[in-house]
Amino acid sequence: ISDAWLAAANMAIGQGAIPAAAIFAQKSAALALLLEDDKAVRTVLQYRASIALNQSDYPQAMRFYQQALDLCNTTLSDDQKAAAAILNGMGLIAKDQGDYERALALHERSHTIYAQLDYQIGMARSLTYSSIAAYWQGNFHQAIDLAQQVITLQQGIGDVISISYRREIMAVALVKMRRFA
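In this text the structure is predicted, and so the values were computed from the model without any measurement. (Residues numbered from 1 in each chain as written. Predicted model: local features only at pLDDT ≥ 70, side-chain atom pairs only at ≥ 80, totals over all residues. Heavy atoms only, no water.)

**Q** Before we move on, could you go through the pattern of salt bridges and cite the residues and values that matter?
**A** Side chains bearing opposite charge may pair, as long as their charged atoms lie close to each other. Evaluation of the coordinates by the stated rule reveals two salt bridges. The partner of R42 in a salt bridge is D79, with the nearest N and O atoms 2.3 Å apart. Taken as a pair, R42 in helix α3 (residues 38–54) and D79 in helix α5 (residues 77–96) lie far apart in primary sequence, 37 residues in all. On the basis of relative accessible area, D79 is assigned to the buried category, the value being 9%. The shortest N-O distance in the salt bridge between D96 and K95 comes to 2.9 Å. In this structure D96 comes out as partly exposed when scored by relative accessible area, which is 38%. (Salt bridge = Lys/Arg side-chain N within 4 Å of Asp/Glu carboxyl O. Helix = DSSP H or I, 4+ residues; strand = E, 2+ residues; numbered from the N terminus. Buried < 20%, exposed > 50% of the residue type's maximum accessible area, 1.4 Å probe, protein only.)

In structure tokens:
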């Protein structure tokens, strides 16, 4: 039943019905708590954090992410992946608030976890977020270097669509570097 409420929340997010998604996620959280299912509670907290982030409610999103991170048991690889995803979410909040140093640190922690798990898709995701934070920080050389690392990873896993996006980041950063040099 808790999963059904989460599915409804996901559908509502896809349709842009954020208030409805929040209600569905809240119902799922109540059921997960009742069942004392930490993994389900963590998943719901991550959904609620995403919803709050989508609404630019950064303090609420950070609270949900922190609660979800606290529930992670780092002895299980599945929970390590969840912890890394949560750290990326927290990094996105820091970036949106203009705290690029903190964003980079959170994405680096996420990347370290994914690297320990040899989870290349997660590694690419963390490096992408780091590249974007470095770009907004004005560190174009670092943004290009990180984007190139992502391209290298994604070539290894055959992700052609994302490779072209990273090349766009690199091209824009190069133009900015030349303009401000």
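**Q** Any details on the layout of surface pockets? Residues and values, ideally.
**A** In this model, the largest pocket occupies a volume close to 160 Å³. Within the residue set of the lining of the largest pocket, elements represented by two or more residues are α3, α5 and α7 (120–137). With five residues, the single largest contributor to the lining of the largest pocket is α5. For the lining of the largest pocket, the residue count by class is six nonpolar, five polar and one charged. (1 Å grid on protein atoms, 1.4 Å probe; cavity = no way out; pocket = protein on both sides within 12 Å on 5 of 7 lines; lining within 4 Å. Points joined across faces, edges and corners; volume = space filled by probe spheres on them. Nonpolar A, V, L, I, M, F, W, Y, C, P; charged D, E, K, R; others polar.)

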